[in-house]
Each structure stands twice: as structure tokens, then as C-alpha cells.
Amino acid sequence: IAADMKGMKTGKLRLAVVTTAKYFVPRLLGMFCRKHPGIEVCLKVTNRANILERLANNLDDLYVLGQPPKEIDVIAETFLENQLVALASVDHQLANEKEITPKRIVKEPFISRESGSGTRIATERFFADQSLKLKVRMELGSNEAIKQAIIGGLGISILSHHTIALDAPAKQLIVLDVKGLPINRHWHYAYPAGKQLSVVAQVFLEYLQQASQLLADVSCHYGNTGHCPLLPNQ
Ligand code: PGA
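Residues numbered from 1 in each chain as written. Predicted model: local features only at pLDDT ≥ 70, side-chain atom pairs only at ≥ 80, totals over all residues. Heavy atoms only, no water.

(A) The arrangement of the pattern of salt bridges in detail. One pass over the full model with this rule turns up eight salt bridges. Residues Glu 40 and Lys 12 are paired through a salt bridge, measuring 3.8 Å at the closest nitrogen-oxygen approach. Of this pair, Glu 40 sits in strand β2 (residues 39-46) while Lys 12 is found in strand β1 (residues 11-18), placing the two residues 28 residues apart along the sequence. A salt bridge links Asp 61 to Arg 14; the shortest N-O distance between them is 3.9 Å. Of this pair, Asp 61 sits in the loop between α3 (48-56) and β3 (62-65) while Arg 14 sits in strand β1, and the two are 47 residues apart along the sequence. Asp 61 gets classed as buried once you look at its relative accessible area, which sits at 9%. Among the charged side chains, a network of salt bridges with common partners joins Arg 120, Glu 124 and Glu 139. (Salt bridge = Lys/Arg side-chain N within 4 Å of Asp/Glu carboxyl O. Helix = DSSP H or I, 4+ residues; strand = E, 2+ residues; numbered from the N terminus. Buried < 20%, exposed > 50% of the residue type's maximum accessible area, 1.4 Å probe, protein only.)

Structure representation (C-alpha cells):
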């Protein structure tokens, strides 16, 4: 309380984020915790289905996910871009092709995220909208495992660009030039409608809105600038 009166925020912040958000949320937290050393953060990382269950049961202060749920009444806002791109190993036969059609993509063995994953829902919708169905060779419950499987030559996948930005295996992966991709999504933060946010959660929300701008500036904007260091022949 004494610390609070001096303007220093103290208390616990309970965050729950979808698996793919683990690529940027911890970095955001690093800056936040340096600014607010009195705040203790508890971060839960799990897939979309589990996040929705936690949200429905009001287990955390704030949530970060791809698409706000329709079935739960929430306050939600976007704060950062999320582009889903097709990934292959650098020596894949499609690696240097231009404007690959989705019809060609579904002929390739595909490595899919597990059911309950937001990435998977968005990917399946992209192909279903064009009356196409992926040839799923393997299901894996982790973006990292999928990247390794791609590098190992097991197939291709569609994952958030966040999974490869600033990453060492990126040199072994390539973003395929597929018509209609990337799938442009946004990260949202959300909390149950009617929930009274704690002071600490409010401080974090304000910080998130400012910091996401910084983060957006350093990440690679495939599609916006037309240039991505991971794309072939540029
Ligand atoms: P996921 O969610 O990690 O469960 O795939 C990501 C998203 O919803 O974009």
C-alpha cells in the first residue's frame, strides 16, 4: 500500500495467451516488468480452445488471442498484426516458384496444428472458402515442432509469421509465394464483459497499446511493404 501511494504499482497480473503469442508477449513483459518492478506476472500459454475455457471461467485478468470468441461476451480490441504465411524448407520444390495457387498447395503433404488451435481454424477456413481441402500428413501441437518437421522435409504448413521472425531456424525455412496469402489477422486482447479490471491489469493494457506500436515497427511486414527478408528472389 505504501508503494502504491508513491505511484509504484504492485500486485499480481494473471495473463493467459494463445500458443503463438508466446513469440512476442514475453518480450513485451520484459519491458513492462522493468518499468513496474512491483508487479508479479503469471503467464499461461495454451491453445485457443483452452484460452476460451479459461475466459469463460474468469480465471485470469487478461487474454491474448487471434480472434475474439462469439460465444462468450467479451471486451476485445486489436493491438498487433498477425499474418499467417505458408512455410516450406529452403530446398522444397516450390521454394522459388511465384504465385503458387492454393490448388497446388493442397497437393502437398501438410503439417497441421492440433484441433483447438486458432491457426488451424483460420487455415482451414482459407482453403474451405475456395472449396479446397488440405492433405494433412501429420498433426502437431506446437509451432516449434511443426517448424522442425518442415525442415525435416515432412511437408509444408501455414503458421503465423511471428513463429519465424527473429529466429535461428528461419534460415532453413522459406515463406512460399502463395496467391491469397498471407491470411491477415490481428492479435486481440480480451476480458469478460462486465469484469472490473484490477489496477495492475489496466496499467498493463495501457502499456500494451503503446508497446505494440514499437513491436509492429521491428517485425517484418510481409505483404505491406512487399518485402520480407525470408522471401526468395528479392
Ligand atoms: P493458436 O492460436 O496458437 O491456438 O493456433 C493462434 C491464433 O488464434 O491466431
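So much for the structure itself; the text now carries on.
(B) View of the layout of surface pockets. Its boundaries defined by the atoms lining it, the largest pocket holds a volume of some 170 Å³. Arg 48, Leu 52, Gln 67, Pro 68, Pro 69, Lys 70, Glu 71, Gly 118, Ile 121, Ala 122, Arg 125 and Arg 185 together form the lining of the largest pocket. The element contributing the most residues to the lining of the largest pocket is helix α5 (residues 118-128), with four residues. Here the lining of the largest pocket is built from residues that sort into five nonpolar, two polar and five charged. When residues are assigned to domains, the lining of the largest pocket turns out to be shared by domain 1 (2-80 + 185-218) and domain 2 (83-184), each giving three or more. (1 Å grid on protein atoms, 1.4 Å probe; cavity = no way out; pocket = protein on both sides within 12 Å on 5 of 7 lines; lining within 4 Å. Points joined across faces, edges and corners; volume = space filled by probe spheres on them. Nonpolar A, V, L, I, M, F, W, Y, C, P; charged D, E, K, R; others polar. Domains from an automatic or database assignment.)

(C) Focus on the environment of Glu 139. When you line up the elements, Glu 139 lands in strand β6 (residues 135-140). Owing to a relative accessible area of 48%, Glu 139 belongs among the partly exposed residues under this scheme. In this structure the C-alpha to C-alpha distance between Glu 139 and Ser 115, which are 24 residues apart in sequence, comes to 8.5 Å. Ignoring any residue separated from it by four or fewer positions in sequence, one finds Glu 139 in contact with Ser 112, Arg 113, Glu 114, Ser 115 and Arg 120. (Contact = heavy atoms within 4.5 Å.)

(D) A look at the packing of aromatic side chains. Evaluated as defined, the whole model comprises seven aromatic pairs. Here Phe 24 and Trp 187 contribute two aromatic rings whose centre-to-centre distance is 5.3 Å and whose plane-to-plane angle is 50°, an arrangement assigned as tilted. Placement of Phe 24 in the loop between β1 and α2 (25-35) and of Trp 187 in strand β9 (residues 183-192) is noted, with a sequence separation of 163 residues between them. The burial state of Phe 24 is the same as that of Trp 187; both residues are buried. Arranged with centres 5.1 Å apart and planes meeting at 50°, the rings of Phe 32 and Tyr 207 form a pair that is tilted. Of the two residues, Phe 32 sits in helix α2 while Tyr 207 sits in helix α7 (residues 199-218), which places them 175 residues apart along the sequence. Relative accessible area serves as the criterion here: at 0%, Phe 32 is assigned to the buried category. For Tyr 207, a relative accessible area of 7% gives the class buried. Joined through ring pairs, the aromatic side chains of Phe 24, Phe 79, Trp 187 and Tyr 189 make up one cluster. (Phe/Tyr/Trp six-rings, centres within 6.5 Å; stacked < 30°, edge-to-face > 60°.)

(E) Seen up close, the side chain of Ser 160. In this fold, Ser 160 is placed in strand β7 (residues 157-160). At 3.0 Å, the side chain of Ser 160 forms a polar contact with the backbone nitrogen of His 162. In this structure Ser 160 touches Thr 20, Asn 82, Gln 83, Leu 84 and Trp 187, once residues within four positions along its chain are discounted. (Polar contact = N/O pair within 3.5 Å; in protein donor to acceptor, adjacent residues only side chain to side chain.)

(F) Representation of the site of the ligand. Near the ligand, the surroundings consist of 13 residues, among which Thr 20, Ser 117, Gly 118, Thr 119 and Arg 185 are the closest. Between an oxygen atom of the ligand and a side-chain N or O atom of Thr 19, the distance comes to 3.1 Å. In this structure, an oxygen atom belonging to the ligand sits 2.4 Å away from a side-chain N or O atom of Arg 185. Burial of the ligand by the protein chains amounts to 100% of its free accessible area of 280 Å². Listing elements by their share of the shell around the ligand, those giving two or more residues are α5 and β9. Looking at side-chain class alone, the shell around the ligand contains two nonpolar, eight polar and three charged residues. There are two domains that each give the shell around the ligand at least three residues, and those are domain 1 (2-80 + 185-218) and domain 2 (83-184). (Near = heavy atom within 4 Å. Areas by Shrake-Rupley, 256 points an atom, 1.4 Å probe, with all protein chains shown as cover.)

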